[in-house]
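Listed below are the residues making up each chain.
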Amino acid sequence: MQVCGRFAPSPSGRMHLGNAASALAAWLSARSQGGKMVFRIEDIDTARCRPEYARQLADDLRWMGLDWDEGGDVPGYRQSGRAAVYEDALARIARQAKVYPCWCTRAELHAASAPHASDGTPLYSGRCRGLSDEERAARADRPAALRVEVPDEMITWTDGHYGPQKENLARECGDFVLRRSDGLWAYQLAVTADDAAMGVTEVVRGRDLLGSTARQIWLHRLLGNEPPRYCHLPLLTAPDGRRLSKRERDLDLGALRARYSAPELVGRIAAMLGIGDGSPAEPRELIPLFSWDKIPRQDIVVPPGLM
């Protein structure tokens, strides 16, 4: 089977250096295996995502020299237009596991539970899972999220960079949301359904999403899919330890493109990932040099010259 990687950015702001590093690593990993790339726009959060950002993401990737074989900012590859895919996935999941309405507010969730160890998500108590028909009827005039009941069993997998991983969903995550109370599709369902539908076999992303992996593997199995190989990357941080963020406009591609040529920036990013010596390079020149063994496991401090 041919390897299929993907870019799946959210158009909620300009791509920053950390996003660019993830995109370069995903592209190099797939291309070094003779694989292809899918470009998907993850714009399900319509309040935060804008079409102009999606167009800018595509332009920034092309400027870096990162091409793709399928998708882009086109119909069928924008999550905002894929509701039918998610409805079908929800129906299939509901045939395999209990899906139920949840009326808990954000404040109630945080007050009732300690956070999930890996990503800060509250461990859901199951408060709405056991409501009677009468109790649900009394709440029917309020919008509800849809949650799925998770099993009390260990999900195990081997990360392509960080090695063996395990998580008990019931004890470390709890029942999680598939569709939000405002009607928007939850990230976990949308990304799983899309990766399956688009034939993605390898997911490369920052380790801040490592905590989502067990949920996505479990959903893939409910849907009858073979989960992709997950490979997580160390995060890029400022010298003071602060994570790079779109909100803080750290090193976005607009500022970087004004200071560097594409080969200069690609070479510098590659060097932070342990690939090459930092000299200017086109992405295709780096394919023979790519290896997961070269990429650090600890977070990467951005050199002061780039800040």
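What counts, and where the lines are drawn
Residues numbered from 1 in each chain as written. Predicted model: local features only at pLDDT ≥ 70, side-chain atom pairs only at ≥ 80, totals over all residues. Heavy atoms only, no water. Helix = DSSP H or I, 4+ residues; strand = E, 2+ residues; numbered from the N terminus. Rg over C-alpha atoms; globule rule 2.2 N^0.38 Å. Buried < 20%, exposed > 50% of the residue type's maximum accessible area, 1.4 Å probe, protein only. Areas by Shrake-Rupley, 256 points an atom, 1.4 Å probe, with all protein chains shown as cover. Lys, Arg positive; Asp, Glu negative; His and termini not counted. Charge placed at Lys NZ, Arg CZ, Asp CG, Glu CD. Salt bridge = Lys/Arg side-chain N within 4 Å of Asp/Glu carboxyl O. Contact = heavy atoms within 4.5 Å. Axes fitted to C-alpha atoms, helices over the stretch in contact; angles between N-to-C directions. Parallel < 35°, antiparallel > 145°, perpendicular 65-115°, else oblique. Nonpolar A, V, L, I, M, F, W, Y, C, P; charged D, E, K, R; others polar. Pairing = 2+ DSSP bridges. pLDDT = per-residue confidence, 0-100. Left-handed = near helix turned anticlockwise from the far one by under 90°.

A look at the overall build of the protein chain
So, step 1. Broken down by element type, the protein chain carries eleven helices and twelve strands.
So, step 2. Over its C-alpha atoms the protein chain spans a radius of gyration of 20 Å, differing by no more than 12% from the 19 Å that the globule rule assigns to 307 residues.
So, step 3. If one aligns the C-alpha atoms of the protein chain with their principal axes, the spans along those axes are about 65 × 40 × 35 Å.
So, step 4. A buried classification covers 50% of the 307 residues belonging to the protein chain.
So, step 5. Entry remark: accessible area of the protein chain is about 14,000 Å², with carbon and sulfur atoms responsible for 48%.
So, step 6. On the protein chain, the mean spot of the 41 positive side-chain charges and the mean spot of the 41 negative ones are 1 Å from each other.

Section: the pattern of salt bridges
So, step 1. Applying the stated criterion to the full structure yields 21 salt bridges.
So, step 2. A salt bridge links aspartate 45 to arginine 48, with the nearest nitrogen and oxygen atoms 3.7 Å apart.
So, step 3. Residue aspartate 45 is classed as buried on the basis of its relative accessible area, which comes to 18%.
So, step 4. Given the relative accessible area of 41%, arginine 48 is considered partly exposed.
So, step 5. Where aspartate 59 meets arginine 257, a salt bridge forms, and the shortest distance between an N and an O atom there is 2.8 Å. Taken as a pair, aspartate 59 in helix α2 (residues 51-64) and arginine 257 in helix α9 (residues 253-259) lie far apart in primary sequence, 198 residues in all.
So, step 6. The exposure class of aspartate 59 is partly exposed, given its relative accessible area of 35%.
So, step 7. For arginine 257, a relative accessible area of 27% translates into the label partly exposed.
So, step 8. Three or more residues joined by partner-sharing salt bridges are found here, namely Arg6, Arg40, Glu42, Arg82, Asp194 and Asp195.

Remarks on the environment of tyrosine 53
So, step 1. With respect to the helices and strands, the residue tyrosine 53 is situated in helix α2.
So, step 2. Linking tyrosine 53 and glutamine 2, residues 51 residues apart in sequence, is a C-alpha distance of 31 Å.
So, step 3. If we skip the residues at most four places from it in the chain, tyrosine 53 touches Pro11, Ser12, Gly13 and Arg14.

Considering the packing of helix α3 (residues 83-96) against helix α7 (residues 187-197)
So, step 1. At a minimum axis separation of 10 Å, α3 and α7 run at an interaxial angle of 100°. In terms of their interaxial angle, α3 and α7 are classed as roughly perpendicular. Here α3 contributes Val85, Tyr86, Ala89, Leu90 and Ile93 to the contact with α7, which in turn contributes Leu189, Ala190, Ala193 and Asp194.
So, step 2. Class assignment of the residues belonging to the contact of α3 with α7 gives a composition of eight nonpolar, no polar and one charged.

A closer look at the sheet that holds strand β4 (residues 99-102)
So, step 1. Here we have three strands laid out as an open sheet, ordered β4-β5-β8, and antiparallel in their pairing. In this open sheet, the two strands that pair with only one neighbour each are β4 and β8 (176-179). The average undirected angle you get between the axes of adjacent strands in this sheet is 45°.
So, step 2. As paired elements, strand β5 (residues 145-148) and β8 share three bridges and run antiparallel to each other. Each residue of the ladder has a partner; that of arginine 147, found in β8, is valine 177.
So, step 3. Against the sheet, α3 makes contact with β4, β5 and β8, and its axis sits at roughly 135° relative to β8, the strand it touches most.

Thoughts on the sheet that holds strand β3 (residues 70-71)
So, step 1. Judged by pairing direction, the sheet is parallel, and its three strands sit side by side in the order β1-β2-β3 without closing on themselves. Either end of the sheet is taken by a strand with one partner, and the two such strands are β1 (4-7) and β3.
So, step 2. Examined bridge by bridge, strand β2 (residues 36-39) and β3 share two bridges and lie parallel to one another. Bridging across to β3, phenylalanine 39 finds its partner in glycine 71.
So, step 3. Against the sheet, helix α1 (residues 17-32) makes contact with β1 and β2, and its axis sits at roughly 145° relative to β2, the strand it touches most.

Considerations on the confidence of the model for the protein chain
So, step 1. Residues with a pLDDT of 70 or more make up 93% of the protein chain, whose mean pLDDT is 92.
So, step 2. Note that pLDDT drops below 50 for residues 111-115; the model gives that stretch seven contacts with residues more than four away or on any other chain.

Quick word on the packing of α7 against helix α8 (residues 213-222)
So, step 1. Viewed as axis vectors pointing N to C, α7 and α8 meet at an angle of 55°, and their least axial separation amounts to 9 Å. When the interaxial angle is binned, α7 and α8 end up oblique. Considering how the two elements wind past one another, α7 and α8 form a crossing that is right-handed. Contacts between α7 and α8 involve Tyr187, Gln188, Leu189, Val191, Thr192, Asp195 and Ala196 from the first element and Arg215, Gln216, Leu219 and His220 from the second.
So, step 2. The residue makeup of the contact of α7 with α8, split by class, is five nonpolar, four polar and two charged.

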